[in-house]
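Overview (structure and organization)
Chain by chain, the residues run as shown.
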Amino acid sequence: MHNSDLMDKIVSLCKRRGFIFQSSEIYGGLANAWDYGPFGAELKRNLKNCWWKSNVSERDDMVGLDAAILMHPNTWKASGHAENFTDLLVDDKKTKKRFRVDHLSPEEQAKIGTQYTEPREFNLMLKTRLGAVEDTSSDVFLRPETAQGIFVNFKNILDSTSRRLPFGIAQIGKSFRNEITAGNFVFRMREFEQMEIEYFTTAEDSDACYEEWINRRFNWYTEHGIRKENLKLRKHDDDELAHYAKGCTDVEYQFPFGWSELEGIANRTDYDLKQHAELSGKDLRYHNKITNERFYPYVIEPSGGVDRAALAFLVDAYHEEEVDGRSRVVLKLHKDLAPTKVAVLPLLKKNADIVSMAQSIKTDLQKSLTCVYDDSAAIGKLYRRQDEVGTFFCVTVDVESLDDKQVTVRDRDTMGQQRVPVENLKRYIQDQLS
Ligand code: GAP
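What follows concerns the overall build of the chain. Helix and strand counts for the chain stand at 14 helices and 23 strands. C-alpha atoms of the chain, sized along the principal axes, occupy 75 × 65 × 50 Å. Counting the 434 residues in the chain, one finds 50% classified as buried. For the chain, contacts bridging at least 24 residues in sequence account for 64% of all contacts bridging at least 6.

Below, the structure is given as structure tokens:
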């Protein structure tokens, strides 16, 4: 399939089946802002839960944080965002369209000064005002990354949890950037979600720790269903690195619009903690109580985007297949990511006993699994509908079920069907999903 066709199909499926809608569509929409519909909200929630489980719940060396989006303006002075978080932009003199210089081809860059204006720096942070009275209100920024919430809470976490190095702090939350060239659906937005880890270690151990996190984060995507051939690591050249970073490697995904960054893993050295210590006047050094040394730890930062990951999982899961001469679209999402685990489908919606049995099965299953109930079409159509949104199992209740107390369980990927006693159904499904 041609790549632009695939992207169009994903965008269309997302709208049609309630994964992702354009924001404020009834007013004509807001450019590059997107809302997650019923299936999208479940997918995103599952994705964040999987990330949290792997990176926080299942580890002894990690804790979580949920910091505020609005932070003291000095945060951004210390982090360097106030001064350096800029893009170089040019305007096309004729069309008045604005472009990032680094997004122009070499041929286009040669036209700077003629077709395009001279480059200007543009800060990407979104500003707002706090306080009701215009004169006394103060300018604050919507955070452009969640990372700084972690650094400013480093001492709070040390004091409240008695952690010893190495350890990490994880956070998932919204970030905002006034991107000039937003686009490619949810790939680049002005409001998006990040999943970030700041992992604190010693300078000596930081190189090994950096390599470990690169592998761990690459493997997380493959373990959750992304095909290995669609992922690669890209080490940043020295001239791409932020001045404080010792190394940075991106996990890239082969999106329909080309290989692009899904997540970055950086060795940020001891830069951030030192900066915040200097501007706040607080001692943010780590105290090794055994050696009585005090020092600023180095930081390894795996930083990924929830929306980019959701898009990559959707693209990778999208399959078109030929079944009995008819095409089926199926989202082969990983079991932990699939928005709905089970659809309960009564074969005859006019048969009150079948409906009652199907409803009671759904009521029972939905206590522990995401379920839907659908009786609004013929069974073939119902199966296709569930395939398209990645529902893992379809449970069909038919006339025989009333006698033998068994139902048909259909597997999304193999389309294989099995009769399962109702009393074993929950256990059967849970076993398959575990
Ligand atoms: N704290 C480091 C940091 O923020 P980044 O490379 O600017 O690094 C990390 O962002 C991740 O956040 C990216 O790999 C991407 O997944 C996501 N991200 C960044 N800007 C985004 C945007 N405008 N829209 C959607 N996701 C974005």
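What follows concerns the layout of surface pockets. Approximately 450 Å³ is the volume found for the second largest pocket. In terms of lining residues, the second largest pocket is bounded by 22 residues, among which Leu158, Arg163, Tyr286, His287 and Lys289 are the most central. Elements that contribute at least two residues to the lining of the second largest pocket include exactly α7 (154-161), β14 (286-288) and β15 (293-295). Considering every element that reaches the lining of the second largest pocket, the biggest residue donor is α7, with four residues. Looking at side-chain class alone, the lining of the second largest pocket contains eight nonpolar, five polar and nine charged residues.

Moving on: unusual backbone geometry. The omega torsion across Leu165 and Pro166 is -10 degrees, close enough to zero to call that bond cis. Within the secondary structure, Pro166 sits in the loop between α7 and β9 (167-176). One non-glycine residue with positive phi stands out, namely Met415, at about 65 degrees. Relative to the helices and strands, Met415 resides in the loop between β22 (406-411) and β23 (417-421). In this structure Met415 comes out as partly exposed when scored by relative accessible area, which is 24%.

Secondary-structure assignment places His72 in the loop between β3 (62-65) and α3 (74-79). When its relative accessible area of 53% is taken as the criterion, His72 is described as exposed. His72 sits 68 residues away from Val140 along the chain, and the two C-alpha atoms are 7.2 Å apart. A distance of 2.9 Å separates a polar side-chain atom of His72 from the backbone nitrogen of Asn74.

Before going further, it helps to examine the sheet that holds strand β4 (residues 86-91). Within a sheet, each strand pairs with its neighbour through backbone hydrogen bonds, oriented either parallel or antiparallel. In space, the three strands of this open sheet follow the order β5-β4-β6, with antiparallel pairing throughout. Each end of this open sheet is capped by a strand with a single partner; those strands are β5 (98-100) and β6 (120-123). Across the sheet, the mean angle from the axis of one strand to that of its neighbour is 45 degrees, orientation sign disregarded. One ladder, built from three bridges, connects β4 with β5; its direction is antiparallel. Directly across from Asp91, in β5, lies its bridge partner Arg98.

Right, let's talk about the domain arrangement of the chain for a bit. Accessible area lost upon the coming together of the parts serves often as the stated size of an interface. In terms of domains, the chain is made up of domain 1 (3-69 + 144-314) and domain 2 (340-433). A straight line from the C-alpha centre of domain 1 to that of domain 2 covers 37 Å. Interface area, domain 1 with domain 2, both sides summed: about 570 Å², of which 51% is carbon and sulfur. Between Arg17 and Glu388 there is a salt bridge; the shortest N-O distance is 3.2 Å. Counting residues per element, the ones that place at least two in the side of domain 1 that touches domain 2 are α1 (3-16) and α2 (38-57).

It is worth spelling out the environment of Glu118 at this point. Structurally, Glu118 can be placed in the loop between α5 (106-109) and β6. What makes Glu118 exposed here is its relative accessible area of 54%. Separated by 17 residues in the primary sequence, Glu118 and Val101 place their C-alpha atoms 9.9 Å from one another. The residues touching Glu118, leaving out its near neighbours within four places in the chain, are Leu89, Val90, Ile112 and Gly113.

Grouped together as the largest cluster of nonpolar side chains are 76 residues, with contacts concentrated most on Phe19, Tyr221, Leu311, Phe313, Leu365, Leu425 and Ile429. For this core, the leading source of residues is helix α10 (residues 306-317), giving nine residues. When residues are assigned to domains, this core turns out to be shared by domain 1 (3-69 + 144-314) and domain 2 (340-433), each giving three or more. With sequence-adjacent residues up to four places away left out, Leu311 is seen in contact with Met7, Ile10, Asn184, Phe185, Val186, Phe187, Phe255 and Phe257. Ala147, Phe154, Ile169 and Val299 belong to the second largest nonpolar core, which has 18 residues in total.

This paragraph deals with the packing of aromatic side chains. Applying the stated criterion across every chain yields a total of 19 aromatic pairs. With a centroid separation of 6.4 Å and 50 degrees between ring planes, the pair formed by Trp51 and Trp52 is classed as tilted. The partly exposed category is assigned to Trp52, whose relative accessible area is 28%. Pairwise contacts between aromatic rings join Phe151, Phe154, Phe167 and Phe200 into one cluster. Of note, Arg308 hangs over the ring of Phe187, and the distance from its end group to the ring centre comes to 3.7 Å.

Before going further, it helps to examine the site of the ligand. Among the 20 residues in the neighbourhood of the ligand, the closest are listed as Glu145, Arg177, Met189, Glu196 and Glu261. In the model, a nitrogen atom of the ligand is placed 2.6 Å from a nitrogen or oxygen of the Glu145 side chain. Contact between the ligand and Arg177: an oxygen atom at 2.7 Å from a side-chain N or O atom of the residue. In isolation the ligand has 550 Å² of accessible area, and contact with the protein removes 88% of it. Elements with a minimum of two residues in the shell around the ligand: β10 (191-201), β13 (258-269) and β16 (298-305). Per-element tally for the shell around the ligand: the top contributor is β13, with five residues.

About the cut-offs
Residues numbered from 1 in each chain as written. Predicted model: local features only at pLDDT ≥ 70, side-chain atom pairs only at ≥ 80, totals over all residues. Heavy atoms only, no water. Helix = DSSP H or I, 4+ residues; strand = E, 2+ residues; numbered from the N terminus. Buried < 20%, exposed > 50% of the residue type's maximum accessible area, 1.4 Å probe, protein only. Contact = heavy atoms within 4.5 Å. 1 Å grid on protein atoms, 1.4 Å probe; cavity = no way out; pocket = protein on both sides within 12 Å on 5 of 7 lines; lining within 4 Å. Points joined across faces, edges and corners; volume = space filled by probe spheres on them. Nonpolar A, V, L, I, M, F, W, Y, C, P; charged D, E, K, R; others polar. Polar contact = N/O pair within 3.5 Å; in protein donor to acceptor, adjacent residues only side chain to side chain. Pairing = 2+ DSSP bridges. Axes fitted to C-alpha atoms, helices over the stretch in contact; angles between N-to-C directions. Domains from an automatic or database assignment. Buried area = accessible area lost by both parts, 1.4 Å probe. Salt bridge = Lys/Arg side-chain N within 4 Å of Asp/Glu carboxyl O. Core = buried A, V, L, I, M, F, W, Y, C linked by side-chain atoms within 4.5 Å. Phe/Tyr/Trp six-rings, centres within 6.5 Å; stacked < 30°, edge-to-face > 60°. Lys NZ or Arg CZ within 6 Å of the ring centre and 35° of its normal. Near = heavy atom within 4 Å. Areas by Shrake-Rupley, 256 points an atom, 1.4 Å probe, with all protein chains shown as cover.

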